[in-house]
Amino acid sequence: MNASDANSGVSSITYRIDGGSWQGYFGSFSVGDPAVGHTVEFYATDVAGNVESTKTLTVLPAPPVTTITLEGILGGGGWYTS
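Note that the structure is a prediction, hence the values are computed from the model and not measured.

## A closer look at a nonpolar patch on the surface
Alright, step 1. Together, I68, L70, L74 and Y80 make up a nonpolar patch on the protein surface, roughly 460 Å² of accessible area in all.
Alright, step 2. Assignment of secondary structure puts I68 in the segment after β4 (55–59).
Alright, step 3. Given the relative accessible area of 71%, I68 is considered exposed.

As structure tokens, this is what we get:
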């Protein structure tokens, strides 16, 4: 996240995850379990005290990862015989 203000400058950025408590933004953060979706709300305040309207970002779940392991007796041509 980043913010800019051409007049007085940005004082702070505030955010919360999934309706939790509001926190100051100071760098990267984790939203929680990547297997489920999350909602991040945030807003900036400038040095003059003006607060922008709250923005919402939906973080979608990470797609599943599937792996396969073949077992058995390998025959000719890459085919398994069992």
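## Quick notes on the layout of surface pockets
Alright, step 1. In this structure, the largest pocket occupies an estimated 190 Å³ of space.
Alright, step 2. Lining the largest pocket are 16 residues, with A3, S4, A44, T45 and E52 sitting closest to its centre.
Alright, step 3. Taken together, the elements giving at least two residues each to the lining of the largest pocket come down to β1 (10–17) and β3 (38–46).
Alright, step 4. Sorting elements by how many residues they give to the lining of the largest pocket places β3 first, with five residues.
Alright, step 5. In terms of residue class, the lining of the largest pocket is made up of eight nonpolar, four polar and four charged.

## Remarks on the pairing of β3
Alright, step 1. A large share of β3 lies buried, amounting to seven of its nine residues.
Alright, step 2. Pairing geometry for β1 and β3, over seven bridges, is antiparallel. Considered in β3, the bridge of T14 is made with Y43.
Alright, step 3. Bridge count for β3 against β4 is five bridges, and the pairing is antiparallel. Across the sheet, the residue bridging to F42 is K55, located in β4.

## Details of the confidence of the model for the protein
Alright, step 1. Residues of the protein with pLDDT of at least 70 account for 99%, and the chain-wide mean is 91.
Alright, step 2. Per-element mean pLDDT across the protein ranges from 95 in β4 up to 97 in β3.

## So, the pattern of salt bridges
Think of it this way: side chains of opposite charge can pair up when their charged atoms draw near.
Alright, step 1. Applying the stated criterion to the full structure yields two salt bridges.
Alright, step 2. As a salt-bridge pair, R16 and E41 come within 2.7 Å of each other at their nearest N and O atoms. With a gap of 25 residues between them, R16 in strand β1 and E41 in strand β3 connect regions that are remote in the sequence.
Alright, step 3. Residue classification places R16 among the partly exposed residues on the basis of a relative accessible area of 21%.
Alright, step 4. Classification of E41 by relative accessible area gives buried; the value is 17%.
Alright, step 5. K55 is paired through a salt bridge with E52; the nearest N and O atoms lie 2.9 Å apart.

What counts, and where the lines are drawn
- Residues numbered from 1 in each chain as written.
- Predicted model: local features only at pLDDT ≥ 70, side-chain atom pairs only at ≥ 80, totals over all residues.
- Heavy atoms only, no water.
- Patch = residues over 30% accessible without salt bridge, like charges linked within 9 Å, V, L, I, M, F, W, Y side chains within 5 Å.
- Areas by Shrake-Rupley, 256 points an atom, 1.4 Å probe, with all protein chains shown as cover.
- Salt bridge = Lys/Arg side-chain N within 4 Å of Asp/Glu carboxyl O.
- Helix = DSSP H or I, 4+ residues; strand = E, 2+ residues; numbered from the N terminus.
- Buried < 20%, exposed > 50% of the residue type's maximum accessible area, 1.4 Å probe, protein only.
- 1 Å grid on protein atoms, 1.4 Å probe; cavity = no way out; pocket = protein on both sides within 12 Å on 5 of 7 lines; lining within 4 Å.
- Points joined across faces, edges and corners; volume = space filled by probe spheres on them.
- Nonpolar A, V, L, I, M, F, W, Y, C, P; charged D, E, K, R; others polar.
- Pairing = 2+ DSSP bridges.
- pLDDT = per-residue confidence, 0-100.

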